[in-house]
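Examination of the molecular architecture
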Amino acid sequence: MSQGARLPFKHFLLALAVVAIWGSNFVVIRLGLNALPPLLFATLRFSFAVLPAIFFLKKPDLPWRNLASYGLLIGVGQFGLLFLAMRSNISPGLASLVIQTQVFFTLMLSMRLNKEGVQGYQWLALLLAASGIALIASHTDGSATPLGLLMILAAAFSWACANMVGKQAGRVNMLAYMVWTSVFAVPPLLALSLIVEGPTAMAAGLARADATTWAAVLWQAVGNTLFGYAAWGWLLARHAPATVVPMALLVPVFGMSTAALVLGESLPAWKLIAAGLVLSGLALNLLWPLRPWRVRA
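Below or above, wherever it landed, is the structure these notes cover. (Residues numbered from 1 in each chain as written. Predicted model: local features only at pLDDT ≥ 70, side-chain atom pairs only at ≥ 80, totals over all residues. Heavy atoms only, no water.)

Describing the overall build of the protein chain
A tally of regular secondary structure across the protein chain gives 13 helices and zero strands. Tracing the protein chain from N to C terminus, the helices and strands come up as α-α-α-α-α-α-α-α-α-α-α-α-α. Within the protein chain, the fraction of its 297 residues that count as buried is 51%. Sequence-distant contacts in the protein chain: of pairs separated by 6 or more residues, those separated by 24 or more amount to 90%. A total of about 13,700 Å² of accessible surface is found on the protein chain, and carbon and sulfur atoms cover 70% of it. (Helix = DSSP H or I, 4+ residues; strand = E, 2+ residues; numbered from the N terminus. Buried < 20%, exposed > 50% of the residue type's maximum accessible area, 1.4 Å probe, protein only. Contact = heavy atoms within 4.5 Å. Areas by Shrake-Rupley, 256 points an atom, 1.4 Å probe, with all protein chains shown as cover.)

With respect to the side chain of Ser158
With respect to the helices, strands and loops of the structure, Ser158 is situated in helix 7 (residues 146–169). Side-chain polar atoms of Ser158 contact the backbone oxygen of Leu73, separated by 2.6 Å. The contact partners of Ser158, leaving out residues within four places of it in the chain, are Leu73, Gly77 and Gln78. (Polar contact = N/O pair within 3.5 Å; in protein donor to acceptor, adjacent residues only side chain to side chain.)

Considerations on the packing of aromatic side chains
Think of a pair of aromatic rings as described by two things: how far the centres are apart, and how the planes are tilted against each other in angle. According to the stated counting rule, one finds nine aromatic pairs in the structure shown. With a centroid separation of 6.0 Å and 65° between ring planes, the pair formed by Trp64 and Phe184 is classed as edge-to-face. Here Trp64 is found in helix 3 (residues 64–88), whereas its partner Phe184 is found in the loop between helix 8 (174–182) and helix 9 (186–208), with 120 residues between them in sequence. Positioned over the ring face of Phe79 is Arg45, at 3.7 Å from the centre of the ring. Sitting over the face of the ring of Trp64, Lys59 holds its NZ or CZ atom 4.7 Å from the ring centroid. (Phe/Tyr/Trp six-rings, centres within 6.5 Å; stacked < 30°, edge-to-face > 60°. Lys NZ or Arg CZ within 6 Å of the ring centre and 35° of its normal.)

Now the structure itself:
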């Protein structure tokens, strides 16, 4: 693994492509939700991630419980809640921003498991991000409801739990890992869709689905899940995480800008200030350990 502080230009472009896909993906989700019920949409997303790829990729040499846990946390916990919230309770731009609180949840879970104390800069980073979330919650212009914020925060926490499970998996073929874990996301999402949304709504959604809808489903499965996660895992296998991970700060930038350009989502001053607070907290948390003036033991 390269430990240098800079990515080669081609690797930088690959990382930039991944975060651009992940950021603009929130607009794609919104387009898919115009026709499909949220849980059915999530079911189709993970179904297309599994088939036909599973016939060409060997199962990772991991316990089934690891694969099942990751699939449930990502499929039902993260994307199930994310899609439900984005149906009518939060705008794509704000969803792309709030979901990044998974960084702090991951940090807290890691410290809890490793019995480490929280550093001063981490408390400051958390305070900045929490201030941004509070600013979002204080506005009622339709961009986000309290329920929507809670659902996205719960999705972020589920993502953080999945990060812990994924870390236990070690260095594996990330593409195969995403395909085989997606197997465990499909049945519970389908069952929840049948129970919560019902066969009638599911059939109506499929009837409404047009070329744009199916393109959104395929983009979710192939672009976001298979290419995005596989490329990100490839980069992490070749560079120090501290070199790659800060690129994820651009996800909300792409998310909010594409939502504004494609969907006409407004960007009033309060929303930009909230984004600045959250991103400042994320940046402080990720970049402070890399500061060149830090004292070495």
